[in-house]
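Residue strings, one per chain:
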Amino acid sequence: MKHNVIASHKVIGTIISIIVFIILFKYLAVQIGDTTENATLAPAWLSLVTAIFGPISGAVTAFIGHATSDALVNSTTATVWWTWTIADSLFGLFIGLITRRLAIFIGELTTRKLVLFNIWQLLANIVVWLIIAPLGDHWVYNLSLVESMKEGALIVLVNTLAIAIIGTMLFKIYQHFAVN
């Protein structure tokens, strides 16, 4: 299967993706234990978006989706957690570059492609949530690096599992309907 997306479809797809990302990120999130962090399906959705529309669309979707969700959550103060918003945007970019490099939807969606994708998404999660976000929190907000890394480690685990399970299923569903 040849995978081409027209530019106008990318714009429309990105706008729709942002809306779905916000809904998943804000309204279909489950708080993890006694932390301030949430488990959400937004990273799984983001992996599909980037595979279809590319890394720029993934970065834009994550940036606008995360910033808007933060602003909605903190509607009285409109506080956006910029370090995590930027980290999420970089994550969307990284996942998009990975799916493009692996040519996820070009040809057959093989087990090898899915395994490689999940190895790379784990590495992207580690770089973003254990290095970039905690360092940003420490430098910008003067937060404890240890506490930020603990939160990051939790997000690495949750995001990796969400993408490996739900993201992989979304890839298979998309591949099935795109071919048929």
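Residues numbered from 1 in each chain as written. Predicted model: local features only at pLDDT ≥ 70, side-chain atom pairs only at ≥ 80, totals over all residues. Heavy atoms only, no water.

Considerations on the overall build of the chain
Here is the rule: The numbering of helices and of strands both runs from the N terminus, where a helix is a DSSP run of H or I of at least 4 residues and a strand a run of E of at least 2. Radius of gyration here uses only the C-alpha atoms, and the compact-globule reference equals 2.2 Å multiplied by the residue count raised to the power 0.38. For the exposure calls, accessible area comes from a 1.4 Å probe over protein chains only, and a residue counts as buried if that area is under 20% of its type's maximum, exposed if over 50%, partly exposed in between. The contact definition used throughout considers only heavy atoms, calling two residues in contact when any of these lie within 4.5 Å. A 1.4 Å probe and the Shrake-Rupley method give the accessible areas. Residues count as covered only by the protein chains that appear here. This count recognises Lys and Arg as positive and Asp and Glu as negative, with His and chain-terminal groups excluded. In this description, the location of a charge corresponds to atom NZ of lysine, CZ of arginine, CG of aspartate or CD of glutamate.
Secondary structure summary: the chain contains 6 helices and 2 strands in total. Computed over the C-alpha atoms, the radius of gyration of the chain is 16 Å, within 12% of the 16 Å expected from 2.2 N^0.38 for a compact globule of 180 residues. Each principal axis of the C-alpha distribution contributes one length, and for the chain these read about 50 × 30 × 25 Å. Taking all 180 residues of the chain together, 44% fall into the buried category. For the chain, contacts bridging at least 24 residues in sequence account for 73% of all contacts bridging at least 6. Accessible area for the chain stands at about 9,400 Å²; split by element, carbon and sulfur atoms hold 71% of it. Taken as two groups, the 9 positive and 8 negative side-chain charges of the chain have centres that lie 20 Å from each other.

Some thoughts on the UniProt feature "transmembrane region" (unreviewed entry) in the chain
Selection criterion: UniProt positions are given in the numbering used here, feature names are shortened, and annotations may be inferred rather than shown by experiment.
Those residues carrying the UniProt feature "transmembrane region" (unreviewed entry) are residues 12-30, 42-67, 79-102, 114-132 and 152-174 in this numbering. Across residues 12-30, the secondary structure splits into 84% helix and 5% strand, with the terminal C-alpha atoms separated by 29 Å. Measuring from the first to the last C-alpha atom of residues 114-132 gives 25 Å, for a span that is 100% helix and 0% strand.

Quick word on helix α4 (residues 82-102)
Stated formally: A helix is expected to reach a length of 1.5 Å times the quantity of its residues less one.
In this model, α4 (21 residues) spans 30 Å end to end at C-alpha, consistent with the 30 Å of a helix rising 1.5 Å per residue. At the exit of α4 stands Ala103, carrying a positive phi of roughly 50°.

Digging into helix α3 (residues 55-73)
With 19 residues, α3 should cover 27 Å at 1.5 Å per step; its first-to-last C-alpha distance of 26 Å lies within 8% of that length. Here α3 has its buried residues at Pro55, Ser57, Gly58, Ala59, Thr61, Ala62, Gly65, His66, Ala67, Ser69 and Asp70. Buried residues belonging to α3 abut α1 (7-27), α2 (42-53) and α4.

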